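# An overview of the molecular structure
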Amino acid sequence: MNTYRDPAARGGVLRTVGTRERRSHLSAPRVPTVGIDIGGTKVMAGVVDADGTILEKIRTETPDKSKSPKVVEDTIAELVLDLSDRHDVHAVGIGAAGWVDADRARVLFAPHLAWRNEPLRDALQDRLAVPVMVDNDANTAAWAEWRFGAGRGEDHLVMITLGTGIGGAILEDGKVKRGKYGVAGEFGHMQVVPGGHRCPCGNRGCWEQYSSGNALVREARELAAADSPVAYEIIERVKGNVPDITGPLITELAREGDAMCVELLQDIGQWLGVGIANLAAALDPSCFVIGGGVSAADDLLIGPARDAFRRHLTGRGYRPEARITRAQLGPEAGMVGAADLARLVARRFRRANRRRVERYERYERYAQALRPGTHGRAPRTPEDPAT
């Protein structure tokens, strides 16, 4: 594992990444990097090469959110060190399920984790001794889809990630739009139903309470707990144990034709289409990429979303419609994107490190010439006055 010994220098280099991100991936070093995707339920880590190929990945459950942030940091460090035993890791990228500041150093707030203004980048850099990049997990997933997946060739792309909640990201002309304070793209917390369901963010009626994995499971469990006749099949499948109802099970039953599960996915899809229509009115992208675990339902979800989008799109019939497509990279998108963005950090740090080494070598040559027993005067440096 390569080591870099100057945390202060790493921080300075990392702060410059956002200003020159556009197209800089074309000249990034073709070295392996580690991507980390941290969600509400799992932490996935993988070594990714410059072509977006995953060389190895490992995963574990996310530590309970009631525990201290250090517990999550310990989990990340263990995964990276495990991978570095078998791979030459040059940088680490982290896609965090939360709001990351403009410097990509702190996680300001994570609805599903215990991070509050957490200095995640610096804490992990000191432990791992390689450059670390932190970004929102939807940003990293969108970057991966733009580089290697469903968004290739798009100039204006919006990604929606449907998982425990809803994440979002905006890419324009090959650059992630993070906003002034780094928290752009938190579409899941747009209010769509005033006074609606309580959200972990503290507000009511957020979009993710009506179109996400949590929303899907909540509705199914409520019907099952009420012993609704339409829930007979899913009650049988979990043998009456309502907490065993999960999103993947609902999707599986919907594919088998269970009417209730099909209807639940249609409801989630319709809310998804309403939100996308609102985003189209505000951002006017050419493409919406739908990712996250819930997107595994494919046309059972995206079909109703497209229908609702066309019904609710402002100016419908008189404007071009954005393409709505499912993400291609699946649950690994956030991890792949984090690793690829970290490659940009590795390049800039390597340049800064090389300049420090060159300065040190010049100083050593000058000092050697001044030592007793050397012949001739010391070589003049650019700072010496002309003689």
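Before reading further, recall that the structure is shown in the block above.
Notes on the structure in this doc start here. (Residues numbered from 1 in each chain as written. Predicted model: local features only at pLDDT ≥ 70, side-chain atom pairs only at ≥ 80, totals over all residues. Heavy atoms only, no water.)

Here we come to the pattern of salt bridges. Close approach of charged atoms allows side chains with opposite charge to pair. Using the criterion set out here, one finds 20 salt bridges in the structure. For Arg218, the salt bridge identified is with Glu219, shortest N-O distance 3.2 Å. Given the relative accessible area of 28%, Glu219 is considered partly exposed. Among the salt bridges present, the one from Arg326 reaches Asp298, with a minimum N-O distance of 3.9 Å. Of this pair, Arg326 sits in strand β13 (residues 323-326) while Asp298 sits in the loop between β12 (287-291) and α9 (299-312), and the two are 28 residues apart along the sequence. (Salt bridge = Lys/Arg side-chain N within 4 Å of Asp/Glu carboxyl O. Buried < 20%, exposed > 50% of the residue type's maximum accessible area, 1.4 Å probe, protein only. Helix = DSSP H or I, 4+ residues; strand = E, 2+ residues; numbered from the N terminus.)

If you walk across this open sheet you meet the 5 strands as β11-β10-β9-β12-β13, and the pairing is mixed. The open sheet has two free edges, formed respectively by β11 (175-176) and β13, since each of these has just one partner strand. Examined bridge by bridge, strand β10 (residues 166-172) and β11 share 2 bridges and lie antiparallel to one another. Among the inter-strand pairings, Leu171 is bridged to a residue of β11, identified as Val176. Against the sheet, helix α4 (residues 137-148) engages β9 (156-162), β10, β11 and β12, with an angle of about 50° to β10. The strands touched by α9 are β9, β12 and β13; relative to β13, the strand with the most contacts, the crossing angle is about 165°. (Pairing = 2+ DSSP bridges. Contact = heavy atoms within 4.5 Å. Axes fitted to C-alpha atoms, helices over the stretch in contact; angles between N-to-C directions.)

One broad trend across soluble globular proteins is that nonpolar side chains are buried collectively. Among the nonpolar cores identified, the biggest contains 43 residues, and Ile160, Ile234, Leu272 and Phe288 are the most heavily contacted of them. Every element with two or more residues in this core is listed here: β9, β10, α5 (213-225), α6 (232-237), α7 (247-255), α8 (259-283), β12 and α9. Residue contributions to this core peak at 10 residues, all from α8. Excluding anything up to four places from it in sequence, Phe288 contacts Val158, Ile276, Leu279, Ala280, Phe309, Ala322, Arg323, Ile324 and Thr325. Core analysis: the second largest hydrophobic core is formed by 28 residues, Val34, Val72, Val80 and Leu128 among them. (Core = buried A, V, L, I, M, F, W, Y, C linked by side-chain atoms within 4.5 Å.)

This part covers the packing of aromatic side chains. As enumerated under the stated definition, the model contains 4 aromatic pairs in all. Between Phe288 and Phe309, the aromatic rings sit 6.2 Å apart at their centres with planes inclined by 65°, giving edge-to-face as the arrangement. Of the two residues, Phe288 sits in strand β12 while Phe309 sits in helix α9, which places them 21 residues apart along the sequence. By the burial criterion, Phe288 is buried, and Phe309 matches it. (Phe/Tyr/Trp six-rings, centres within 6.5 Å; stacked < 30°, edge-to-face > 60°.)

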